[in-house]
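# Chains, contacts and geometry: an overview
If you want the building blocks of each chain, they are given just below.
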Amino acid sequence: MQFGIFTVGDVTPDPTTGRTPTEAERIRATVAIARKAEEVGLDVFATGEHHNPPFVPSSPTTLLAYIAAQTERIILSTSTTLITTSDPVKIAEDFSVLQHLSGGRTDVMLGRGNTGPVYPWFGQDIRQAIPLTVENYGLLRRLWREETVDWEGRFRSALQGFTLAPRPLDDVPPFVWHASIRTPEIPELAAYFGDGFFANHIFWPASHTRELVGLYRRRFAHYGHGTPEQAVVGLGGQVFMRPDSQDAVNEFRPYFDNAPVYGHGPSLEEFTRQTPLTVGSPAEVIEKTLGFREYVGDYQRQLFLIDHAGLPVKTVLEQLDLLGEEVVPVLRREFAKDRPAGTPAGPTHASLLRAREDATDEGEAEAR
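This write-up is about the structure you can find in this document. Only a predicted model underlies this, so the values are computations on that prediction, with no experimental measurement involved. (Residues numbered from 1 in each chain as written. Predicted model: local features only at pLDDT ≥ 70, side-chain atom pairs only at ≥ 80, totals over all residues. Heavy atoms only, no water.)

So, on to unusual backbone geometry. Put simply, Pro 53 and Pro 54 share a cis peptide bond, and its omega is 5°. For Pro 54, the position within the fold is in the loop between β2 (44-47) and α2 (60-68). Between Ala 165 and Pro 166 the backbone carries a cis peptide bond, its omega angle lying at 0°. If you trace the backbone, Pro 166 turns up in the loop between β7 (159-162) and β8 (175-180). At Asp 170, a residue that is not glycine, the phi angle is positive and equals roughly 60°. One can find Asp 170 in the loop between β7 and β8. Phi is positive for Ala 309, which is not a glycine, with a value near 75°. Locating Ala 309 in the fold gives a position in the loop between β13 (301-305) and α12 (313-336). (Helix = DSSP H or I, 4+ residues; strand = E, 2+ residues; numbered from the N terminus.)

This is how it looks when you write it as structure tokens:
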């Protein structure tokens, strides 16, 4: 099982000091956070894609390539690549380059975004979000898997004799996660292609996540990719920790109350009761996170949001120390207990390459 963090890249005033970091400071801080994530032993760092204030990660592959040059082991992913408003050809090119630069430490997580004005900024209609997702992803898959592509669709110009350059590393495309907060068409799409499904899991109660993941698992099996238990599932989540639980609540409250993503709504206490947000001690984070398996089954990847809402970089790095030293080692051990033998591991470039080689060997054996 893989553990990591994701960022939405918000530039938010610190409510305790009133100071707002510059965009340059926020970008540099994100790099420092990614490097620290590898240092403390996490498996994945992921960044969102946004094209509007107060967010800065408008070019995630640029950011991830810079981080790749300063890290050696950690998987570099997006927590959203906008499949609706980004050209599939450019997505394919950018992630192929990132694969080569990172030595294969590259995933992509596709989403539709939650900011309506982005669609017309990129020449699209938000009312076509689902058809755009389906058509653009169909093209993206072909670009990574076929040497020469002839293609025609509704939402972009046709392609004739197009060859992607560079080709994916080892001719193995990045692993694809389809992310959704609430839309059932997305787990259906992930299941159809046998890709991973990532439930954002930071806004909604357990019953909602159970429903989405359950749908994905059933449809994964329906399309013949394996048993429901062999479907590849990722979850989001959010934590804030201090050794003393009440200290964590007191320190995090002003940040929660002013957060651009969910602030000015339910109280911190209501939100932690109703959603996966955990504010407390490392032991409380461990207990709540282990409970996720009760309603989604054994899963492959857990990502935490830890740098939102204006938290100082120093505080975020302290959160990473707690994750790496006190939380993740226990989660690894406990999630491994009673894990069924056929449960897939978290995807890596090496595992995808082995799977392709095994399939090739099987095909050659059948031919003989």
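After that view of the structure, there is still more to cover.
The terminal C-alpha atoms of α12, which comprises 24 residues, lie 32 Å apart, in line with the 34 Å expected from a rise of 1.5 Å per residue. Maximal helix bending in α12 amounts to about 45°, located at Val 327; proline Pro 329 follows within four positions. Within α12, burial applies to Thr 315, Val 316, Gln 319, Leu 320, Leu 322, Leu 323, Gly 324, Val 327, Val 328, Leu 331 and Phe 335. (Expected span 1.5 Å × (residues − 1). Bend = angle between axes of the 7 residues up to and from the residue. Buried < 20%, exposed > 50% of the residue type's maximum accessible area, 1.4 Å probe, protein only.)

Turning our attention to the pairing of strand β1 (residues 2-7). When you tally the buried positions in β1, you get six out of six residues, the bulk of the element. Burial along β1 is two-sided: Gln 2, Gly 4 and Phe 6 and Phe 3, Ile 5 and Thr 7, pointing in opposite directions, are all buried. With five bridges joining them, β1 and β13 adopt parallel strand pairing. In the sheet register, Phe 3 faces β13, and the bridge partner there is Gln 302. One ladder, built from four bridges, connects β1 with β2; its direction is parallel. The residue of β2 that forms the bridge with Thr 7 is Thr 47. Between the parallel pair β1 and β2, the chain is carried across by helix α1 (residues 23-39), and the sense of this crossover is right-handed. (Pairing = 2+ DSSP bridges. Right-handed = clockwise from strand over helix to strand, strands pointing away.)

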